[in-house]
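Spelled out, the chains give:
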Amino acid sequence: MTLILYSADLSSELSLTYADGGIRAGFPSPAQDYLSDSIDLNRELVRHPATTFYARAVGDSMKGCGIDDGDLLVIDKSIDPHDGDIVVAFIDGEFTLKKVRINPDGSCLWLIPANDDYPPIKVTEENNFIVWGVLTYNIKRQLRR
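## Brief notes about the overall build of the chain
Summing up its helical and strand segments, the chain has one helix and ten strands in all. For the chain, the succession of helices and strands along the chain, N to C, is β-β-β-α-β-β-β-β-β-β-β. Here the chain holds 145 residues, and 28% of them are scored as buried. Of the contacts made within the chain by residues no fewer than 6 positions apart, 57% connect residues no fewer than 24 positions apart. Accessible surface, the chain as shown: approximately 9500 Å² in total, 51% of it carbon and sulfur.

Okay, here's the thing in structure tokens:
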């Protein structure tokens with residue numbers, strides 16, 4: 001999976017009506033009763049504006065964890081990665097989106113895809129490697145037309 005990167009522009013605000021009582025995925029409820037406040041997605045999705053970037057996912061190596069080709073990703077470069085986090089990694093000249101796995105003894109780090117068609121990547125001292133950022137949100141398009 002490759003990425004197309006964009007910087008986060010937080011200079012504008014777009015307040016949208018917010019159903020603060022939630023939307024039921026079971027039986028219908030009168031949603032109008034819950035519409036009250038507004039929400040600004042910049043404030044909701046971006047904790048650290050100076051270190052947050054957006055990216056567009058390209059490829060299918062993370063489809064097993066719900067990240068599909070074309071999804072919009074919110075990435076924070078200021079967060080330290082932990083075992084199990086989904087990260088944007090820069091390895092040997094290429095960006096990739098993978099889940100981080102660290103051996104319990106700390107001896108090895110792996111980049112794990114969420115699609116069995118792709119092999120795990122073992123990161124060694126010979127690799128030119130950095131964790132560029134940690135995925136904080138994945139925004140999916142639901143309307144496919």
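Alright, that's what it looks like, and here's the rest.
## Some thoughts on the packing of aromatic side chains
For the coordinates displayed, the defined rule picks out three aromatic pairs. Within the aromatic cluster, the residues linked to one another by ring pairs are Phe-53, Phe-90, Phe-95 and Trp-132.

## So, the confidence of the model for the chain
Within the chain, residue pLDDT values average 83, and 76% of them lie at 70 or more. Least confident of the elements in the chain is strand E2 (residues 15-19), whose mean pLDDT is 54; most confident is strand E8 (residues 109-112), at 96.

## With respect to the side chain of Lys-98
As for its placement among the helices and strands, Lys-98 is situated in strand E7 (residues 94-102). Here Lys-98 occupies a buried position and makes no salt bridge, while the nearest side chain of opposite charge, Asp-60, is found at 8.5 Å. Here the side chain of Lys-98 touches Ser-61 through a polar contact of 3.1 Å, side chain to side chain.

## Notes on the environment of Asn-127
Its place among the elements puts Asn-127 in the loop between strand E9 (121-123) and strand E10 (129-139). On the accessibility criterion, Asn-127 (19% relative accessible area) is buried. In this structure the C-alpha to C-alpha distance between Asn-127 and Asp-92, which are 35 residues apart in sequence, comes to 6.0 Å. Those residues in contact with Asn-127, other than ones at most four positions away along the chain, are Ile-91, Asp-92 and Lys-122.

Thresholds applied
- Residues numbered from 1 in each chain as written.
- Predicted model: local features only at pLDDT ≥ 70, side-chain atom pairs only at ≥ 80, totals over all residues.
- Heavy atoms only, no water.
- Helix = DSSP H or I, 4+ residues; strand = E, 2+ residues; numbered from the N terminus.
- Buried < 20%, exposed > 50% of the residue type's maximum accessible area, 1.4 Å probe, protein only.
- Contact = heavy atoms within 4.5 Å.
- Areas by Shrake-Rupley, 256 points an atom, 1.4 Å probe, with all protein chains shown as cover.
- Phe/Tyr/Trp six-rings, centres within 6.5 Å; stacked < 30°, edge-to-face > 60°.
- pLDDT = per-residue confidence, 0-100.
- Lys, Arg positive; Asp, Glu negative; His and termini not counted.
- Salt bridge = Lys/Arg side-chain N within 4 Å of Asp/Glu carboxyl O.
- Polar contact = N/O pair within 3.5 Å; in protein donor to acceptor, adjacent residues only side chain to side chain.

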